[in-house]
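# Structural overview
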Amino acid sequence: MRSTLRLAIFAVAAVVIGVLLLAEQLFPGTALGEFAAVLDAGYAASALRLSVPIAFAALGGIFAERSGVINIGLEGLLIVSAFTGVAVAHWLTGDGTAAVGPGIVLLLMIAVLLAISGALLGLLGDTFEEMAVRGGGGVLATAVLAGLTVALAGPTLAATWLAFYAAVLVSTAFALLFAVVTIEYRADQVIAGLAVWLIALGVAPFASNVIWGAVNSPGVDTLGTWTVPVLSELPAVGPVLFDAEPIVYFLLLATPLSWYVLAHTSFGYWVRASGENPKALDTAGVDVRRVRYAAVLLSGVFSGIGGAGLSLGRVGSFVGSGTTMIDGRGWIGITAMLFGNYNPFGAFGASLLFASLDALQFRLQQLNYAVPDSLMQTIPYVTVIVVLALVGRTRTPDAAGEHYDSDED
Amino acid sequence: MNTDRIPDPLAGLMGRLVDASAGERLVVSVAALFTAILVGGVVTLVAGVFATCSNPSLGIFCYNPFAVYRYLFLAPLYDPFVFQETLKNSALLLFTGLAVAVSFRAGLFNIGTQGQLVLGALAAALVAVWVGRAVPSGPIGGVLIAGVAMLAGAVVGGIYAAIPGALKAYADANEVITTIMLNFIASDVAFFLVSAYFQKPGSGSVETRDVPASAMFGPELALAMAILLVLAVTYILWGTAFGYDLRTAGIQPDAADYGGVDAKRMIVTSMTLSGAIGGLGGAVWVLMSVGRWVNGVPALGFDGITVSVLASNNPLGVLFAGPLFGSMQAGSLSIDFQLGVPRQLVGVIRGLVILLVAMPEFFRTLGVRWGMGGGR
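Residues numbered from 1 in each chain as written. Chains lettered and ligands numbered in written order. Predicted model: local features only at pLDDT ≥ 70, side-chain atom pairs only at ≥ 80, totals over all residues.

### As for the interface of chain A and chain B
Where the parts come together, the accessible area they lose is often given as the size of the interface. Opposite the 45 residues of chain A that make contact, chain B presents 44 residues. For the side of chain A that touches chain B, the secondary structure elements donating two or more residues are α8 (189-212), α14 (329-339), α16 (373-376) and α17 (379-391) of chain A. The element contributing the most residues to the side of chain A that touches chain B is α8(A), with 17 residues. When its residues are assigned to classes, the side of chain A that touches chain B shows 30 nonpolar, 10 polar and five charged. (Contact = placed C-beta atoms within 7 Å. Helix = DSSP H or I, 4+ residues; strand = E, 2+ residues; numbered from the N terminus. Nonpolar A, V, L, I, M, F, W, Y, C, P; charged D, E, K, R; others polar.)

Written out as structure tokens, the structure is:
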């Protein structure tokens, strides 16, 4: 019944968009036609762009929650990565020159620290050799990625990409902290998630103030757009799908990839088992603890891409006033995850729905309609509440929110 | 150790919190507070390396954590202005901390105290201005205006909290997300209402007209009211049948249902009570601190979460945790002006306290490792 409701909501949304598109053709010049005229390719592109932080948070949330750890700190992870991306980019490019060298050093330092933490927590294996190979492999992969980026992009663009990678790693480190607190020290997941959010809400404006003397950062370069040569010439879909920001492509790749990993790989099977029946997984000889760590760290990686993708992808600065530039997108991502019933495609669709409302809100503001901005800003939030009320409780994984103790020790 | 297979994660948490003895929870809270202060000090020290020094005598470390904590905790003792601010903040945090504690006790994560406070404050300011026109000035008129305004704040805060309560009870909508969304909506709607209809003429910022001076009161009276409210709520929770139902509905909904309590209605009632206290806090903010509703309401609702969590959601504990954070909030302005340390540091400490209180296991492990016995 719930799934019917979900489909119904998607269908209604599709029909509304269709009717509006038709209205634009049939009644040009009328109020309705004018309203419908906002729905053009530019609108679709901005909806897709705005769905980036929401959808990545949702994808991360899916992995964590399916493994049995409810990560409601996603909003905090988005804030941390949005800030870190801009801070590092400003450090590397702020004085007009692009310092690629220090960027690589910083990136490798964070990678090494993460590898050491992972080894100390016993996540990389049991023997020293395993730890060295896996930890060293991770650091080496980071180094190769950084080297490739520098080789392929000009110095300023490469520095911005290095800042992006650093932001993703810092977000992962924050997720590791959350994982240690909830898995190792059995903290309540909801309270710990709230704490991650509130810490980020304090740390980002604090650090902005320390570095720039204000809660908002100065502007930095963005990651620009990637234009696919021939395909971007296609009518309608061309400018939306093939002349987009890099992070939008990442999202279009990450959604099916997440679905494939969850549904068709043994890691995905372990994640699902760890959330549904950890005892059985344990009996089968898989370390539940490591699976849960991996899933929570993945939620950190995804949120890092989403948060830095917002600040470095398009905006090119960090806004730390009030609820920061993230403005609840992590919470909306959690709702998208619930609405999509923990399915990556469903979560992506729901994120697109919320983002299209957000884009509509921005568009209507530009058109100077009689409805005041402050009321229009509430549209996405009100929709989230309506959707939650309609979809209600989803079938959460059986063991979500519970600790699992192996009886070995 | 896998015996507590209670399907609802909240029920598991509440069970664990109840299992822990009061003394153990006190130790955890104190240890968490000290650890948060320690970590906050390290953060301050490290942040100082990246800052531009106003006082170069400290070398590369621009910020001195000891000076920071002296301002945060001791400034009220020797600075009369900070003392007044501490009293005000303490009173307000008693209201918001209590509001959060009531909902957490009922097993509901009301993160929306902030929004309930914002709208409660707006209602109180508007009612005070409106009633103030009809009521003659003078002390009796002032008491009347303040009374009606606080009632309005409580009613609006209560109704606004009843919405997520009803959504939780009858539509199973997760109250953490709905209350956070309602926080965003509250500040946008309040901004719209004031800028469109209730704007103070000639003012550059978005604010209402001033409430009558006779209706304003000092922090001492506000503190007295807050303490009385804390005692009253303590009595209600532990001394009445209603309070018993509220607590059991939170800890064991099935048991409460079996005992004849309408658990769904109880959810709405507890949320309404929590929101009414938050709205009352908003009214006190208007009548004690600012004298009108002005855009940019401080994050008293979020601080209330920390106060409540630090107090193990115990109203009497709020009496200690509230003034502690009241002092820190008052001192945060001083560290900004006097030491150049951004006042958002208090926000960092706020989050750290919640994180650390949430992990009692960490302190148990430490206790065992340091040979203090105990453990599990």
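### Examining the nonpolar core
The biggest cluster of nonpolar side chains holds 257 residues, and the ones touching the most others in it are Leu162(A), Ala121(B), Ala124(B), Ala149(B) and Ile354(B). Examining the composition of this core, we find that 18 residues originate from one element, helix α7 (residues 155-184) of chain A, more than from any other. Beyond its immediate stretch of four places on either side in the chain, Ala121(B) contacts Gly153(B), Gly282(B), Ala283(B), Trp285(B), Val286(B), Trp293(B) and Val297(B). (Core = buried A, V, L, I, M, F, W, Y, C linked by C-beta atoms within 7 Å. Buried ≥ 20, exposed ≤ 12 C-beta atoms within 10 Å, placed from the backbone.)

### Examining the packing of helix α15 (residues 344-366) of chain A against α17(A)
Residue and element names in this part refer to chain A. Closest axis-to-axis distance for the α15/α17 pair is 8 Å, and the angle between their directions is 150 degrees. Considered as vectors, α15 and α17 are oriented roughly antiparallel to each other. By crossing handedness, the relation of α15 to α17 is classed as right-handed. Contacts between α15 and α17 involve Phe-354, Leu-357, Asp-358 and Gln-361 from the former and Ile-379, Pro-380, Thr-383 and Val-384 from the latter. Partitioning the contact of α15 with α17 into residue classes produces five nonpolar, two polar and one charged. (Axes fitted to C-alpha atoms, helices over the stretch in contact; angles between N-to-C directions. Parallel < 35°, antiparallel > 145°, perpendicular 65-115°, else oblique. Left-handed = near helix turned anticlockwise from the far one by under 90°.)

### A word on the domain arrangement of chain A
Residue and element names in this part refer to chain A. As far as domains go, chain A holds domain 1 (1-37) and domain 2 (44-98 + 154-391). Relative to domain 2, the C-alpha centre of domain 1 lies at a distance of 28 Å. Contacts between the two partners involve six residues from domain 1 and, on the opposite side, seven residues from domain 2. When grouped by side-chain class, the residues that make up the side of domain 1 that touches domain 2 number four nonpolar, no polar and two charged. (Domains from an automatic or database assignment.)

### Some details on α17(A)
All names here are of chain A. The end-to-end C-alpha distance of α17, which contains 13 residues, comes to 18 Å, matching closely the 18 Å that a straight helix rising 1.5 Å per residue would cover. Pro-380, Tyr-381, Val-384, Ile-385, Val-387, Leu-388 and Val-391 are the residues of α17 that are buried. All buried residues of α17 lie within an arc of 165 degrees about the axis, which places them on one face of the element. (Expected span 1.5 Å × (residues − 1). Arc of directions from axis to C-beta.)

### Quick notes on the environment of Ala47(B)
The topology assignment puts Ala47(B) in helix α2 (residues 22-50). Ala47(B) gets classed as buried once you count the C-beta atoms within 10 Å, which come to 23. Once the C-alpha coordinates of Ala47(B) and Phe61(B) are considered, the two residues, 14 residues apart in sequence, prove to be 8.0 Å apart. The residues touching Ala47(B), leaving out its near neighbours within four places in the chain, are Ala207(A), Val210(A) and Tyr63(B).

### Considering the confidence of the model for chain B
Residues and elements named next belong to chain B. For chain B, the mean per-residue pLDDT works out to 86, and 92% of the residues sit at or above 70. Ignoring residues within four places in sequence, the model shows residues 1-12, a span with pLDDT below 50, making 16 contacts including any to other chains. Two numbers describe this predicted complex: its pTM, 0.89, and its ipTM, 0.86. (pLDDT = per-residue confidence, 0-100.)

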